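Working through the structure, step by step
The lines below spell out each chain.
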Amino acid sequence: MKRVHVAAAVIRGVDGRILIARRPEDKHQGGLWEFPGGKVEAGEAVSVALARELEEELAIRPTASRPLIQIRHDYPDKQVLLDVWEVTAFIGEPHGAEGQPLAWVSERQLLEYEFPAANTPIVTAARLPERYLITPDGLQSAELLAGVRKALDAGVRLIQLRAPNMFDPQYRDLAVDVQGLCAGKAQLMLKGPLEWLGDFPAAGWHLTAEQLRKYAAGGRPFPEQRWLAASCHAAEELALAAQMGVDFVTLSPVQATATHPEAQPLGWDAASELLAGCNLPAYLLGGVGPSDIERAWQVGAQGVAGIRALWPDAAL
């Protein structure tokens, strides 16, 4: 069965809302909502196909766009490759040129609409930012909290509280404080034993590679409403993350890093190859920073994760 190549767009308005359309009842996955787009013709560039489809479907022409995620999905009757781009500026006023209903929705409201199964990672990618801040180790609690405040003021929306050398009670107390700072501003991801899950209902959880290997066979440990992520370093771990149903992953180390100097860097080419087989939003980690975000997008990543490179205190 030939895999159908489809270009799709996450179209953002100036207010940050996202445009979705409902599929005609008589089409494949009819009646469900989707991100606008259509087939890529043989030999056609994805950006060209996307511009053509958006003009036909919505009467708009994109003027600012970039790759977001690639997804390979097998339905019982169809195999698809979804080449998803984010469109942040366009010319024209979108309307259903083919009579299809449209809706502008917030990132959170995306969860209230029913999409085809292949679109699930797109919904996740649309809700995630381009930067994933991981807090540095070795700071006093007051220093760490001050840094988190600065990061939030700078617009960071996804933060992992990483403090591997703290005693459990210290970490738990700090997690309560950081969770309070993040409320309404950013998503907090915690690390630790899964037995703690019930104690921090507003937080997501970031699994270590060791936890991923231990628990993947048991499936997702909590409902889909909570964020779940995992640290991955190879194709096997990416496959386990998909099996477990995590929302996103970090892939590391891309380059040499001071945090783990003994680790062999993947390099950009190998990272790109690994991401090509991964249907999950992935942050590249290890020796990368804000200046690498566009390169990360081009190789198929959601963005970059980092400790020193993203921490607001330049003295680190």
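Coordinates for the structure precede this section.
Within each chain, residues carry numbers counting from 1 in the order of the written sequence. Selection of residues for local features in this predicted model requires a pLDDT of at least 70, selection of side-chain atom pairs for listing and counting requires 80 or more, and totals for whole chains, interfaces and linings are taken over all residues. Hydrogens and water molecules were not included; the side-chain quantities draw on all heavy atoms of the structure.

Notes on the overall build of the protein chain
The condition that has to hold: Secondary structure elements are taken from DSSP: a helix is a run of H or I of four residues or more, a strand is a run of E of two residues or more, and numbering for both begins at the N terminus. Computation of the radius of gyration draws on C-alpha atoms alone. For the globule rule, the value is 2.2 Å times the number of residues to the power 0.38. Any pair of residues with heavy atoms lying within 4.5 Å of one another is described as a contacting pair. Note on areas: these come from Shrake-Rupley sampling with a 1.4 Å probe, and a residue is covered only by the protein chains present in the view. Positive charges are assigned to Lys and Arg, negative charges to Asp and Glu, while His and the chain termini are left out of the count. The location of each charge is read from NZ of Lys, CZ of Arg, CG of Asp or CD of Glu.
Along its length, the protein chain carries 8 helices and 15 strands. Here the protein chain has a C-alpha radius of gyration of 20 Å; the compact-globule value for 316 residues is 20 Å, and the two agree. Counting only contacts in the protein chain whose residues sit at least 6 apart along the sequence, the fraction spanning at least 24 positions is 63%. When the accessible surface of the protein chain is totalled, it reaches about 14,900 Å², and 50% of it is carbon and sulfur. Treating the 29 positive side-chain charges of the protein chain as one cloud and the 39 negative ones as another, the clouds have centres 1 Å apart.

Topic: helix H7 (residues 268-276)
Note: α-helices contain 3.6 residues per turn, so residues at a spacing of three or four share the same orientation. We count it as follows: The rule is simple: take the accessible area with a 1.4 Å probe, protein chains only, and divide by the maximum for that residue type; under 20% is buried, over 50% is exposed, in between is partly exposed. To be clear, the arc concerns the directions from the helix axis to the C-beta atoms.
Where H7 is concerned, the buried positions are Trp268, Ala271, Leu274 and Leu275. Projection of H7 onto a plane perpendicular to its axis shows the buried side chains occupying an angular sector of 125°, all on one side. With respect to the buried face of H7, the exposed residues turned more than 90 degrees away are Asp269 and Glu273. Tucked inside the fold, the buried residues of H7 contact helix H6 (235-244), strand E13 (248-251), strand E14 (282-285) and helix H8 (293-298).

Things to note about the pattern of salt bridges
Applicable threshold: The term salt bridge refers to a pairing of a side-chain nitrogen on Lys or Arg with a carboxyl oxygen on Asp or Glu at a separation within 4 Å.
Tallied over the full model, the rule gives 13 salt bridges. In this structure, Glu86 engages Arg12 in a salt bridge whose closest nitrogen and oxygen atoms are separated by 3.0 Å. Taken together, the residues span a long stretch of sequence, with Glu86 in strand E6 (residues 78-91) and Arg12 in strand E1 (residues 3-12) at a distance of 74 residues. Across the pair, Arg12 and Glu86 agree in class, each one buried. With a closest N to O distance of 2.9 Å, Asp199 and Arg172 form a salt bridge. Remark: Arg172 occurs in helix H4 (residues 168-182) and Asp199 occurs in the loop between strand E10 (187-190) and strand E11 (204-207); sequence separation between them is 27 residues. A residue is classified by how much of its surface remains accessible, and Asp199, at 44% relative accessible area, is partly exposed. Three or more residues are tied together by salt bridges with common partners; here these are Arg12, Arg66, Glu86, Glu107 and Arg157.

Observations regarding the nonpolar core
Heads up, the rule is: Side-chain atoms within 4.5 Å link the members of a nonpolar core, which is a set of buried Ala, Val, Leu, Ile, Met, Phe, Trp, Tyr and Cys residues.
Core analysis: the largest hydrophobic core is formed by 59 residues, its most contacted members being Leu161, Val178, Leu190, Trp205 and Leu284. When residues in this core are grouped by element, the largest group, 6 residues, is from H4.

Section: the pairing of E14
Threshold: Pairs of strands are assigned from DSSP output, requiring at least two bridges between the strands. Throughout, right-handed denotes a crossover for which the path from the first strand over the helix to the second runs clockwise when the strands point away from the viewer.
The two faces of E14 match: Ala282 and Leu284 on one face and Tyr283 and Leu285 on the other face are all buried. Alignment of E13 against E14, held across 3 bridges, turns out to be parallel. The residue bridging Leu251 from the neighbouring strand is Leu284, located in E14. As defined by bridge partners, E14 adjoins strand E15 (residues 303-306) across 3 bridges and the pair is classed as parallel. Residue pairing for E15: Tyr283 is matched across the bridge by Gly303. Once the chain exits E14 it traverses H8 before rejoining the sheet at E15, and the crossover so formed is right-handed.

Some remarks on the environment of Leu207
Looking at the element boundaries, Leu207 is found in strand E11. Exposure remark for Leu207: the relative accessible area of 0% places this residue in the buried category. For the pair formed by Leu207 and Trp85, sequence separation is 122 residues and the distance between their alpha carbons is 28 Å. The residues contacting Leu207, other than those within four sequence positions of it, are Leu194, Leu212, Leu228, Ala229, Ala230, Ser231 and Met244.

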